Amino acid sequence: MAILGSIFTLLLAVLSVASLFIETPQSKPPNSAQFVIAGAVMFAAFAGIGIWTSVGLFRLRPWARTSILVFAGFLAAGSLFSLLITMAVPIPPEITASTEQSFRRVIAIIFGVPLAIGVWWLIQFNTRSTKAAFASPIAEAASLRPLSITIIAWASIFGGASCVIGILTRMPAFLFGGIFNGWTAGVIYAVFGALSLFIGKGLLDLREEARVLAIGWFGFSFVHASLVTLVPALRQRLIESQRAFTHNQQNPIAFDQGIVVYGMFAVAAIVAAAGIWFLVRNRAAFGRAENA
């Protein structure tokens, strides 16, 4: 399943690049080519990691089990979030009830299948027999690091690396109600990216300063998400910045973007709270690593 998914993801990368050479009558958003290329690069990276992980699974490598668990967690959470948000989007009034019902069913299949696969992998690779199959006598050093810390570390590394996309595509940065463009946005993405990479690498090495910094980073993310969502003026600024990406499209899809904002806040709150809880709960692991 992982290999098939990786091949499909690689195909999406190729089709994304191919779409740049197709002429369309509708106008395209500014910097659309950069966004398409950045998306294609991300798809290709995911495909490479998926194939690399699949080979490791065939060879029963312990790191491959960790990798597939991390990916399964993101797959399940992302699919669930996308499913809930899509189902909550109101359908335009000109759409008939039968068409709307068919649309909802298609969306349920599109996001329900990867959700089921992600949950299946999370259960399968956490069973006692699977853990025993992937156990390695030379993995004692790695066993000092809890799986939850590994997931947080790699999520931070991935988040830091993805900031490069924001820099290359000149994507505006939104921070506490302010919309930053140009080199200012690039600096913000660079600082956030470097901080996330530092935290991720430090958590992999079980360094105490990285754990404390990660708790502060999660707390900052929670405060920022709370203010943007609960303060009406800041929430409206975020919605306006999102609409700026589709203002020049002839037939933009109409939906309540406030739903997306509240959904993003819910995800940010859950992720931040879970991250802080795991970092506090596994504090002893960092102490054992220092003693070792």
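As the structure is a prediction and not an experimental result, all values here were calculated from the model. (Residues numbered from 1 in each chain as written. Predicted model: local features only at pLDDT ≥ 70, side-chain atom pairs only at ≥ 80, totals over all residues. Heavy atoms only, no water.)

Brief notes about the overall build of the chain
Counting its secondary structure elements, the chain contains 12 helices and 2 strands. Ordered by position in the sequence, the α and β elements of the chain form the string α-α-α-α-α-α-α-β-β-α-α-α-α-α. When burial is assessed residue by residue, the chain has 31% of its 292 residues classed as buried. A fraction of 70% describes how many contacts in the chain between residues 6 or more apart in sequence connect residues 24 or more apart. For the chain, the accessible surface area stands at approximately 17,300 Å², while carbon and sulfur atoms represent 72% of it. (Helix = DSSP H or I, 4+ residues; strand = E, 2+ residues; numbered from the N terminus. Buried < 20%, exposed > 50% of the residue type's maximum accessible area, 1.4 Å probe, protein only. Contact = heavy atoms within 4.5 Å. Areas by Shrake-Rupley, 256 points an atom, 1.4 Å probe, with all protein chains shown as cover.)

Observations regarding the packing of helix α3 (residues 62–88) against helix α7 (residues 147–168)
The contact between α3 and α7 brings their axes to 10 Å, and the two run at 70°. Between α3 and α7, the angle is such that the two are roughly perpendicular. In this structure, α3 meets α7 at a crossing whose hand is right-handed. Every residue of α7 that contacts α3 at Thr66, Leu69, Val70 and Phe74 is listed here: Leu147, Thr150, Ile151 and Ala155. Across the contact of α3 with α7, the residue classes break down as 6 nonpolar, 2 polar and no charged. (Axes fitted to C-alpha atoms, helices over the stretch in contact; angles between N-to-C directions. Parallel < 35°, antiparallel > 145°, perpendicular 65-115°, else oblique. Left-handed = near helix turned anticlockwise from the far one by under 90°. Nonpolar A, V, L, I, M, F, W, Y, C, P; charged D, E, K, R; others polar.)

A word on the packing of aromatic side chains
How two aromatic rings sit relative to each other is given by the distance of their centres and the angle of their planes. Counted by the stated rule, this structure contains 9 aromatic pairs. A centroid spacing of 4.3 Å and a plane angle of 20° characterise the contact between Trp52 and Trp63, whose relative ring orientation is stacked. Of this pair, Trp52 sits in helix α2 (residues 32–58) while Trp63 is found in helix α3, placing the two residues 11 residues apart along the sequence. With 5.2 Å between their ring centres and 70° between their planes, Phe192 and Trp217 make a pair best called edge-to-face. Of the two residues, Phe192 sits in helix α8 (residues 182–204) while Trp217 sits in helix α9 (residues 208–230), which places them 25 residues apart along the sequence. A relative accessible area of 24% places Phe192 in the partly exposed class. These aromatic residues form a ring-pair network of at least three members: Phe71, Trp120 and Trp121. (Phe/Tyr/Trp six-rings, centres within 6.5 Å; stacked < 30°, edge-to-face > 60°.)

Thoughts on the side chain of Thr150
In this fold, Thr150 is placed in helix α7. The residues contacting Thr150, other than those within four sequence positions of it, are Thr66 and Arg145.

Focus on the packing of α3 against helix α4 (residues 97–124)
At a closest axis distance of 8 Å, the pairing of α3 and α4 adopts a crossing angle of 160°. Regarding the angle of α3 to α4, the classification is roughly antiparallel. When you trace α3 past α4, the crossing you get is left-handed. Its residues assigned to classes, the contact of α3 with α4 comprises 20 nonpolar, 5 polar and 1 charged.

Comments concerning the environment of Arg65
Take Arg65: it is sitting in helix α3. Expressed as a C-alpha distance, the spacing of Arg65 and Thr53, which sit 12 residues apart in the sequence, is 8.1 Å. Once residues within four sequence positions are removed from consideration, Arg65 is found in contact with Leu57, Phe125, Asn126, Lys131 and Phe134.

Brief notes about a nonpolar patch on the surface
On the surface, Met1, Ile3, Leu4, Ile7, Phe58 and Trp120 cluster together into a nonpolar patch covering about 690 Å² of accessible area. Element by element, the count of residues in the nonpolar patch is highest for helix α1 (residues 2–19), at 3 residues. In this structure Phe58 comes out as exposed when scored by relative accessible area, which is 69%. (Patch = residues over 30% accessible without salt bridge, like charges linked within 9 Å, V, L, I, M, F, W, Y side chains within 5 Å. Salt bridge = Lys/Arg side-chain N within 4 Å of Asp/Glu carboxyl O.)

Notes on the pattern of salt bridges
Scanning the model with the defined rule gives 4 salt bridges in all. Salt-bridge contacts for Asp205 lead to Lys201; the nearest nitrogen and oxygen are separated by 2.5 Å. Owing to a relative accessible area of 44%, Lys201 belongs among the partly exposed residues under this scheme. Note that Arg207 is salt-bridged to Glu209, the shortest N-O span being 3.0 Å. Arg207 sits in the partly exposed class, given a relative accessible area of 25%. The class for Glu209 is partly exposed, based on a relative accessible area of 45%.

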